[in-house]
Each structure stands twice: as structure tokens, then as C-alpha cells.
Amino acid sequence: MDISGLYIITDQDHDENLHERVESALRGGAKIVQYRDKQRSVDEQKVVAKRLAGLCHQHDALFLINDSPELALAVDADGVHLGQQDMSISEARQLLGPEKTIGVSTRTIEQAQKAEAEGADYIAVGSMFPTDTKADAELIGPERLREINAAVNKPVVAIGGIDRTNAAQV
């Protein structure tokens, strides 16, 4: 599993241009797409996710589902991204099997080490910067990202508020 490269997370603004925006990101070099949708029904999410999964696979990109191993299984996504309050890694692994990718959001070295010990394939650290998608997100910043990266052996990705003006910092 290669988790390097540009990792995009779809935002809450799920309008008719989502497919085009994701396709543009993939053409621009994105290697991982995480589908995050807190507004649509599960049935609607399945339709959107299946379409995005096909698009990602056409571009040899990894397609992940945010928070829902069940949805990941239903649309044959490449894996799932879990938050601290979501299903456990072991439960997600039982549901998805050994071949699917499981990532976990963390904010501390302890959370990252726990996720690694429990079998996460990668560790996400954030929020790096303020973000409109999670107004209450605790800011971690690039220094803690470096500390967590040094404390684990799994791939580490930075998430949250990263754009062209600050990407070089992470």
C-alpha cells in the first residue's frame, strides 16, 4: 500500500460538481481520495461513492471512505478512514479483511502509537491548520506532526486545512 502523495478529502459542499472536482484533483496528481459526507443518506452516499471509486481506480488512486467500514464494503472501496470515536480498527479489519487499507485520525503521540499497535495501515495527524470542514478541530501544527512521525513506523499523513499556501510546511 502506497500512502504517499497528495491526499484529498471531499468537503461538505457536495454539489453537482463533486465528481468534476475530484477528477480535476486526480488529473493534478492526487493519489488518495477520502470520501467524507455527513449530509447525504446512506443510499445517496453509495451512489456517489461508487462513482468516485470508479474514477479513482481509473487514475490508479486509492479510494477511502470516511468513518464507515460498512459503506466501504458496500462500494468496494480500497479502505476506510476512522476517527477516534468510530469503530475500532480490529472490528473494521474483521469486516473489511486484511487487504483493505485502514487509516486513523490522531492528535497525540499516544493515539498514533495505539493506532499502530492495533493494526492501522497509516496514521493521519491533524488538524494542521484551521479548516472550514471542522470548525471545532484542535490545531496540531507541523511540529507535532514531526514528533508523531518520529514516534511511529507506519506512514503518516497530515490532514486539515492544508492548501497551496501552507502545504510546504507539512
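Keep in mind that what you see is a predicted model, and the values were worked out from it rather than measured. (Residues numbered from 1 in each chain as written. Predicted model: local features only at pLDDT ≥ 70, side-chain atom pairs only at ≥ 80, totals over all residues. Heavy atoms only, no water.)

Asker: Explain unusual backbone geometry here, please?
Answerer: The phi angle of most residues is negative, glycine excepted, and most peptide bonds adopt the trans form. Following Gly126, the chain continues to Ser127 via a peptide bond in cis, the omega torsion being 15°. Structurally, Ser127 can be placed in the loop between β6 (122–126) and α6 (141–151). The residue Asp76 is not glycine, and still its phi comes out positive at about 55°. Turning to its location among the elements, Asp76 is positioned in the loop between α3 (69–74) and β4 (79–82). (Helix = DSSP H or I, 4+ residues; strand = E, 2+ residues; numbered from the N terminus.)

Asker: What's the story with the packing of helix α5 (residues 109–117) against α6 in this structure? I'm lost.
Answerer: If you want to describe how two helices pack, look at the angle between their axes and the distance between the axes. Contact geometry for α5 and α6: axes closest at 9 Å, N-to-C directions at 35°. Judged by the twist between their axes, the crossing of α5 over α6 is right-handed. Across the interface between the two elements, Ile109, Ala112, Gln113 and Glu116 from α5 touch Glu147, Ile148 and Ala151 from α6. (Axes fitted to C-alpha atoms, helices over the stretch in contact; angles between N-to-C directions. Left-handed = near helix turned anticlockwise from the far one by under 90°. Contact = heavy atoms within 4.5 Å.)

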